[in-house]
Amino acid sequence: MTAIVDSNPDSATASQTEINAEMAAIESAYLRSGVEETQPRLDYPPYRSSLLRHPTKNLQHADPEGIELWTPAFGHSDVNTFESDLTVQHNGEPLGERIVVTGRILDGEGRPVRRQLVEIWQANAAGRYVHKRDQHRAPLDPNFTGVGRCLTDDDGTYAFTTIKPGPYPWKNHHNAWRPAHIHFSLFGTDFTQRMITQMYFPGDPLFRFDPIYQSITDQKARERLVATYDHDVSTHQWCTGYRWDIVLTGPARTPLDDTEVDDHHR
């Protein structure tokens, strides 16, 4: 994808205005259509690279025996309990706001999804990933890699201790910034069942400018991607807490991220 670079401030403002107008027009048309869309649109013009890389062929049923002969089996010996704490993985403490993110993984009937692998990855407090293609001018934190994983318990609960990520620029349009978010990956009952999505933080002013977030045209579905501050999860003089449940099936299921990673890494 090519970045938009223009020294003319009027042209830059026009670019941002054009993106905002596109998103507003799409949402208005969606509201008039009366057709429910709770998952991201694969072809969403304001999210410009979606036009280049979304699937162009119909999905095909795959023979499970031809793909994987065994289902995932994650036991306590496979995932260390320390992997869920992203603040203790190095010699020193990372910089930024320490947070706990927790919630339950549920099926469409509200039943807990037990012993499932949950992985996260994120930017550091300055909005920088430990990734060779992330070269924007923000500092790396030598004490923060931004990757963790855990298993859900008998109640379907996961929990991570981490640092609140910062927003970061991406090259979709002039002055484009991603809202702060954490990527989540979950495995299902076989290796072909993997769900990837993003969790956002409440009250982020960048929501209205972000085409990735806005590619979910249903507002209530978008809101299901936003965690809730939970004072009971916060710990005195230690961390703030957020709660975010993930629903895998049914009408209230969590929207997926079909692109798996965003444009910042491309």
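The name given to the protein chain in an unreviewed UniProt entry is Protocatechuate 3,4-dioxygenase subunit beta, and the organism recorded there is Mycolicibacterium vaccae ATCC 25954.

Thoughts on the overall build of the protein chain
Tallying secondary structure elements over the protein chain gives five helices and eleven strands in all. When each of the 266 residues of the protein chain is scored for burial, the buried share is 44%. Partitioning the contacts of the protein chain with sequence separation of at least 6, the portion at a separation of at least 24 is 71%. Roughly 14700 Å² of accessible area belongs to the protein chain as shown, and the carbon and sulfur atoms make up 53% of that amount.

Some remarks on the sheet that holds strand β7 (residues 181–187)
Read from one edge to the other, the open sheet built from four strands follows the order β3-β2-β7-β8, with strand pairing classed as antiparallel. The outermost strands of the open sheet, each flanked by one partner alone, are β3 (147–151) and β8 (194–200). Mean inter-strand twist for the sheet, computed between neighbouring axes without regard to direction, equals 20°. With five bridges connecting them, strand β2 (residues 117–122) and β3 associate as antiparallel partners. Bridging from a neighbouring strand, W121 pairs with V147 of β3.

Side note on the packing of aromatic side chains
Applying the stated rule across the entire model yields eleven aromatic pairs. Measuring from ring centre to ring centre gives 5.7 Å for Y47 and W170, while their planes differ by 70°; the resulting arrangement is edge-to-face. Placement of Y47 in the loop between α1 (9–33) and α2 (50–53) and of W170 in the loop between β5 (168–169) and β6 (177–178) is noted, with a sequence separation of 123 residues between them. You'll find Y47 and W170 in the same group, each marked buried. Ring centres 5.0 Å apart and planes at 65° place the aromatic pair F184 and W244 in the edge-to-face group. Pair noted here: F184 is in strand β7 and W244 is in the loop between β10 (240–243) and β11 (246–247), with a separation of 60 residues, a long-range link.

A few points about the UniProt feature "domain: Intradiol ring-cleavage dioxygenases" (unreviewed entry) in the protein chain
Mapped onto this numbering, the UniProt entry gives "domain: Intradiol ring-cleavage dioxygenases" (unreviewed entry) at residues 101–129. Across residues 101–129, the secondary structure splits into 0% helix and 41% strand, with the terminal C-alpha atoms separated by 19 Å.

Examining the nonpolar core
One finds V101, V118, Y158, F160, F184, M199 and W244 to be the most contacted residues of the largest nonpolar core, which totals 38 residues. In this view, Y158 contacts V101, T102, G103, R104, I105, V118, C150, T152, F184 and W244; residues no more than four positions away in its chain are not counted. Counting five residues, the second-largest nonpolar core is a separate cluster that includes W121, Y129, Y168 and I196.

So, how was this worked out
Residues numbered from 1 in each chain as written. Predicted model: local features only at pLDDT ≥ 70, side-chain atom pairs only at ≥ 80, totals over all residues. Heavy atoms only, no water. Helix = DSSP H or I, 4+ residues; strand = E, 2+ residues; numbered from the N terminus. Buried < 20%, exposed > 50% of the residue type's maximum accessible area, 1.4 Å probe, protein only. Contact = heavy atoms within 4.5 Å. Areas by Shrake-Rupley, 256 points an atom, 1.4 Å probe, with all protein chains shown as cover. Pairing = 2+ DSSP bridges. Axes fitted to C-alpha atoms, helices over the stretch in contact; angles between N-to-C directions. Phe/Tyr/Trp six-rings, centres within 6.5 Å; stacked < 30°, edge-to-face > 60°. UniProt positions renumbered as here; feature names shortened; annotations may be inferred. Core = buried A, V, L, I, M, F, W, Y, C linked by side-chain atoms within 4.5 Å.

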